[in-house]
Structures are given as structure tokens and as C-alpha cells.
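Per-entry structural report
As a plain string of letters, each chain reads:
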Amino acid sequence: MIDLHDDAALHHWAEHFGVTPTQIEEAVRAAGPRVHDVQRHLLDQGASAGAG
């Protein structure tokens, strides 16, 4: 789960997926807090989502 209230976690996932913290926030709001769902949303949006 990605906790938007935890700055360290937010930045960790942003770095992990190669996106900005704002993109993580938007993805969680759109897809929910599950990491898999956030990754799928980011991929659908054209982000790298840790694919590299």
C-alpha cells in the first residue's frame, strides 16, 4: 500500500517508478493505494513505472 501521508514512502515510490511524487499522488487518487494498481495506472498514463 502507498500511504500519501508518509513523505518518505511517497518519495520512495516516486523514485522506484521513475515518476514525480505528484504523479504518485494522482495515481493513488485514481487507482487506489495498492502498488500494483498504481503501477498499472502509471503505465496506462505512459510513465516508466519501474519498467527499466
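Here the structure is a predicted model, which means the values were calculated and not measured.

1. A closer look at the pattern of salt bridges
Taken as a whole, this structure holds two salt bridges when the rule is applied. Of the charged contacts in the structure, one is a salt bridge between Arg 34 and Asp 37, with a shortest N-O distance of 3.6 Å. Under the relative-accessibility criterion, Arg 34 is labelled partly exposed at 46%. Residue classification places Asp 37 among the partly exposed residues on the basis of a relative accessible area of 24%.

2. A closer look at the nonpolar core
Counting residues in hydrophobic clusters, the biggest one holds eleven residues: Ile 2, Leu 10, Trp 13, Ala 14, Phe 17, Val 19, Ile 24, Ala 27, Val 28, Val 38 and Leu 42. Put simply, the parts of the chain that give this core at least two residues each are helix H1 (7-17), helix H2 (21-31) and helix H3 (35-44). Setting aside chain neighbours within four positions, we find Ile 2 in contact with Trp 13, Ile 24, Val 28, Pro 33, Val 35 and Val 38.

3. Here we look at the packing of aromatic side chains
Per the stated rule, a full pass over the model turns up one aromatic pair. Seen in terms of ring centroids, Trp 13 and Phe 17 are 5.7 Å apart; in terms of plane orientation they differ by 25°. Their pairing is stacked. Here Trp 13 pairs with Phe 17, and both are found in helix H1, just four residues apart, close to one helical turn. Relative accessible area serves as the criterion here: at 18%, Trp 13 is assigned to the buried category. The class of Phe 17 is buried, set by a relative accessible area of 2%.

4. With respect to the packing of H2 against H3
Their axes nearest at 9 Å, the elements H2 and H3 cross at an angle of 110°. Classified by the angle between their axes, H2 and H3 sit roughly perpendicular to one another. For the pair H2 and H3, contact is made by Gln 23, Ile 24, Ala 27, Val 28, Ala 30 and Ala 31 and by Asp 37, Val 38, His 41 and Leu 42, respectively. Along the lines of polarity and charge, the residues of the contact of H2 with H3 split into seven nonpolar, two polar and one charged.

Parameters and conventions
- Residues numbered from 1 in each chain as written.
- Predicted model: local features only at pLDDT ≥ 70, side-chain atom pairs only at ≥ 80, totals over all residues.
- Heavy atoms only, no water.
- Salt bridge = Lys/Arg side-chain N within 4 Å of Asp/Glu carboxyl O.
- Buried < 20%, exposed > 50% of the residue type's maximum accessible area, 1.4 Å probe, protein only.
- Core = buried A, V, L, I, M, F, W, Y, C linked by side-chain atoms within 4.5 Å.
- Helix = DSSP H or I, 4+ residues; strand = E, 2+ residues; numbered from the N terminus.
- Contact = heavy atoms within 4.5 Å.
- Phe/Tyr/Trp six-rings, centres within 6.5 Å; stacked < 30°, edge-to-face > 60°.
- Axes fitted to C-alpha atoms, helices over the stretch in contact; angles between N-to-C directions.
- Parallel < 35°, antiparallel > 145°, perpendicular 65-115°, else oblique.
- Nonpolar A, V, L, I, M, F, W, Y, C, P; charged D, E, K, R; others polar.

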